[in-house]
Amino acid sequence: MFRPKKRKRQSARVPRCKPSRRLFLESLESRRLLAGIVNVDTAGTPGSLTLDGDDSNNQVEVSAGTATGQLVITAKGTTLLTLDGGPQTFSSLTVNGIVDDLVADLDGGNDTFELGTALPSDRTEIADDVRISNDDDDENFIRNVDIGGTLTVDRLVDGASSDLTIQDTIIRGDTTIDNTGGAAFDGDSKTMIERSELE
C-alpha cells in the first residue's frame, strides 16, 4: 500500500521588510535670553557715577536713596549690574557720595534709561551734570529730578531713534538735546517736556 507522504506545511512567506529606522528627537539648547550687563563705575572721577552697558537691550533705573548723594541703581528685565568691573552681578546697587556728574552710556542694543521715578515724593537730586549717550533705538525718561548742572543727551549712531521724556524736572544749567546725531544722521526721534523748568 502506498501511503501518501505527509506534506510539509509551508508557512506563508512574508516578504522581508527592510529594518525600520528608529526616529528620535534631539533636544535643542535652551533658548534663554542673554542677560545684559551694565557696569556701575564709581572708581573714576571722585563723586561721579558712570553706567557702562554692553550690546544687549539694557534697562536701568537710577533713583534717590535715603541720604544726600545716595543713588539706587536698579536693573530691570534681563539686565544685571556689576560694580566697578567686578565679577559678581547684582539686580540692584546702592552707591553713596555721588556729588558730581552722572553719565549713562548703555552702549548698543535698544536700551531704556530712567532717571528718577514717577512719584513726586521721591525726588532725585543730581548735584552736577547729567550726560546720556544713545546708540540704537533707545528710550530715556527723566522724572521728578533736580539737576544742578547741565543736561546733555546725544546719539552716537545713524538710522536709530532716541526718545526722551522730561517730566516735573528742574535743570539749572544748559540743556542740549541732540537726538538726531547731527545733520548727516537720520532716524525718527521724539522729545517730550512736561511741567519742567529749563533754567
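Here, every reference points to the structure presented above.
These notes cover the structure that comes with them. (Residues numbered from 1 in each chain as written. Predicted model: local features only at pLDDT ≥ 70, side-chain atom pairs only at ≥ 80, totals over all residues. Heavy atoms only, no water.)

## A short note on the pattern of salt bridges
Here is the rule we go by: By definition, a salt bridge exists where a carboxyl oxygen of Asp or Glu is found within 4 Å of a side-chain nitrogen of Lys or Arg. Runs of H or I in DSSP of at least four residues are treated as helices and runs of E of at least two as strands, each being numbered from the N terminus. Think of it in three bands: residues with accessible area under 20% of the maximum for their type are buried, residues over 50% are exposed, and the middle band is partly exposed, with areas taken using a 1.4 Å probe on protein chains only.
One pass over the full model with this rule turns up eight salt bridges. Between Glu-61 and Lys-76 there is a salt bridge; the shortest N-O distance is 3.2 Å. One end of the pair, Glu-61, is in strand E3 (residues 59–64); the other, Lys-76, is in the loop between strand E4 (71–75) and strand E5 (80–83), and 15 residues separate them in sequence. In this structure Lys-76 comes out as partly exposed when scored by relative accessible area, which is 28%. Asp-146 is paired through a salt bridge with Arg-172; the nearest N and O atoms lie 2.9 Å apart. In this pair, Asp-146 is assigned in strand E12 (residues 145–147) and Arg-172 in the loop between strand E15 (170–171) and strand E16 (175–178), connecting sequence segments 26 residues apart. Overlapping salt bridges bring together Glu-61, Lys-76, Glu-114 and Arg-143 as one network.

## Details of the nonpolar core
Our working rule: Only buried residues count toward a nonpolar core, which is a set of Ala, Val, Leu, Ile, Met, Phe, Trp, Tyr and Cys residues joined through side-chain atoms within 4.5 Å. In what follows, residue pairs with any heavy atoms lying within 4.5 Å of each other are defined as contacts.
If you look at the biggest cluster of nonpolar residues, it comprises 29 residues, and the most contacted ones within it are Leu-49, Leu-51, Ile-73, Phe-113 and Leu-115. The element contributing the most residues to this core is E4, with three residues. With residues up to four places along the chain from it excluded, the contact list for Leu-51 reads Val-38, Asn-39, Val-40, Val-60, Val-62, Ile-73, Val-103, Ala-104, Asp-105, Leu-106 and Phe-113.

## A closer look at the sheet that holds strand E18 (residues 197–198)
Defined as follows: Only strands that DSSP links by at least two bridges are regarded as paired with each other.
Read from one edge of the open sheet, four strands run E9-E12-E15-E18, paired in parallel fashion. The open sheet has two edge strands with one neighbour each: strand E9 (124–126) and E18. Two elements, E9 and E12, share three bridges in a ladder whose sense is parallel. Residue Thr-124 lies in a different strand from E12, and its bridge partner there is Val-145.

## Considering the pairing of strand E8 (residues 112–116)
Burial analysis of E8 places five of its five residues in the buried class, which makes it a mostly covered element. Where E8 and strand E11 (residues 138–143) come together, five bridges link them in parallel fashion. The residue bridging Phe-113 from the neighbouring strand is Asn-140, located in E11.

## Looking at the layout of surface pockets
What counts is decided by this rule: Of the two site types, the cavity is a set of points on a 1 Å grid over the protein atoms alone where a 1.4 Å probe fits but cannot get out, and the pocket is an open set with protein on both sides within 12 Å along at least five of seven lines, each lined by residues with an atom within 4 Å of a point. Grid points are joined across faces, edges and corners, and a volume is the space filled by probe spheres set on the points. Amino acids outside the nonpolar list (Ala, Val, Leu, Ile, Met, Phe, Trp, Tyr, Cys, Pro) and the charged list (Asp, Glu, Lys, Arg) are all regarded as polar, and Gly is one of them.
Within this model, the largest pocket holds a volume of roughly 220 Å³. Ala-67, Thr-68, Gly-69, Gln-70 and Glu-125 are, among the 14 residues lining the largest pocket, the residues nearest its centre. When grouped by side-chain class, the residues that make up the lining of the largest pocket number seven nonpolar, five polar and two charged.

## Quick look at the sheet that holds E11
Note the following rule: Helix axes are fitted only over the stretch in contact, all axes being lines through C-alpha atoms; the angle between N-to-C directions runs from 0 to 180 degrees.
Ordered by their spatial adjacency, seven strands build an open sheet running E6-E4-E3-E8-E11-E14-E17, and the pairing between neighbours is mixed. Looking at the sheet topology across the chains shown, the edges are occupied by strand E6 (92–95) and strand E17 (190–194). Averaged over all pairs of adjacent strands, the angle between strand axes in this sheet comes to 10°, irrespective of strand direction. With four bridges connecting them, E4 and E6 associate as antiparallel partners. Bridge assignment links Leu-71 to a residue of E6, and that residue is Val-95.

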